[in-house]
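# A look at the structure
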Amino acid sequence: MKEMFDAIPMTSKSWGVTDEGVIYDGVLHPYDTIKKMSSFAQPTVITNGVIQVELKNSKILNLAYKKPNKERANTALEFAKNILKSVDISSKPGVQYSLNGARGRHMDVYEDRVCITTEVTIGSLFTGNSTDGSKEIYYSDVISVQSKAPSVTLGYIQLETASTMMNNDRDNFFNENTFTYNESDLPNGLADEVVKYIKDKVSEFKKAKNTPSVVQLSAADELKKFKELLDMQIITQEEFDAKKKELLGL
């Protein structure tokens, strides 16, 4: 892909999205130097749309476009976000999904757990959870999975455990077991896909926990058991010999 957009005086330099990265004012920023891309504002008749690019060095690029270019800009954004997702996952062995959300939230989804990280942003400072750090939640400890699609408020995915059962609305959005996101963070049904994956894993681990383990005894173990029965005169020598032939396939 190569979608290029003209500069908008007093608003944005020229920019574009390519297979290699994001070009801004003639400078290429490779995808492995980009932390996150999201739609910051949609265009109207009198205002421009803005795509915000957050680089790993904390620099912010605001990519502006006019309303007639909305479809091209959104296509370019989704293309870039898909590449960023694959780059992020490839750098973390075992990660099935690597998601950037709102209010400084990031979630890595593994086969046995999720890891929710909160970074210091204006949003996380405002909600009072900028120092939450990183929280690993194993599916075997999860009691239930709660989720809400974004609308007027943020969407969220929450993994409830015995130690963090919370009921008020604020905690549903901002406790340490919750990943919050905007619609643009998890587009095209990705949120539903992730929630289903997590719920299936929780169910799988619960089933394994509740299934009695079956100990498979070897032929030697079985013979030892029957020899003890013989020594205790619970079975006869003939019964022991018959069982021995059966176990050894004689």
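These numbers come from a predicted model, not from an experiment.

## Describing the sheet that holds strand E12 (residues 142-148)
In spatial order, the strands read E12-E13-E14; together these three strands make up an open sheet with antiparallel pairing. The sheet is open, and its two edges are formed by E12 and strand E14 (178-181), each paired on a single side. Sheet twist, expressed as the average angle between the axes of neighbouring strands with direction ignored, equals 5°. As defined by bridge partners, strand E13 (residues 155-161) adjoins E14 across four bridges and the pair is classed as antiparallel. From the neighbouring strand, Ile-157 faces E14, where its bridge partner is Phe-179.

## Observations concerning the confidence of the model for the chain
In this model, the chain carries an average pLDDT of 85, and 88% of its residues clear a pLDDT of 70 or more. When the criterion is pLDDT under 50, residues 166-170 qualifies, and its contacts beyond four places in sequence or with other chains add up to eight contacts.

## Describing the pattern of salt bridges
Counted according to the given criterion, the structure contains 11 salt bridges. In this structure, Lys-196 and Asp-200 form a salt bridge, with 2.8 Å as the shortest nitrogen-oxygen distance. Here Asp-200 and Lys-196 lie together in helix H4 (residues 190-210), a separation of four residues that amounts to about one turn. Relative accessible area serves as the criterion here: at 40%, Asp-200 is assigned to the partly exposed category. In this structure, the salt-bridge partner of Asp-231 is Lys-227, at a minimum N-O distance of 2.7 Å. Separated by four residues within a single helix, Asp-231 and Lys-227 lie in helix H5 (residues 219-231), roughly one turn from each other. Given the relative accessible area of 37%, Lys-227 is considered partly exposed.

Conventions and cut-offs
Residues numbered from 1 in each chain as written. Predicted model: local features only at pLDDT ≥ 70, side-chain atom pairs only at ≥ 80, totals over all residues. Heavy atoms only, no water. Pairing = 2+ DSSP bridges. Helix = DSSP H or I, 4+ residues; strand = E, 2+ residues; numbered from the N terminus. Axes fitted to C-alpha atoms, helices over the stretch in contact; angles between N-to-C directions. pLDDT = per-residue confidence, 0-100. Contact = heavy atoms within 4.5 Å. Salt bridge = Lys/Arg side-chain N within 4 Å of Asp/Glu carboxyl O. Buried < 20%, exposed > 50% of the residue type's maximum accessible area, 1.4 Å probe, protein only.

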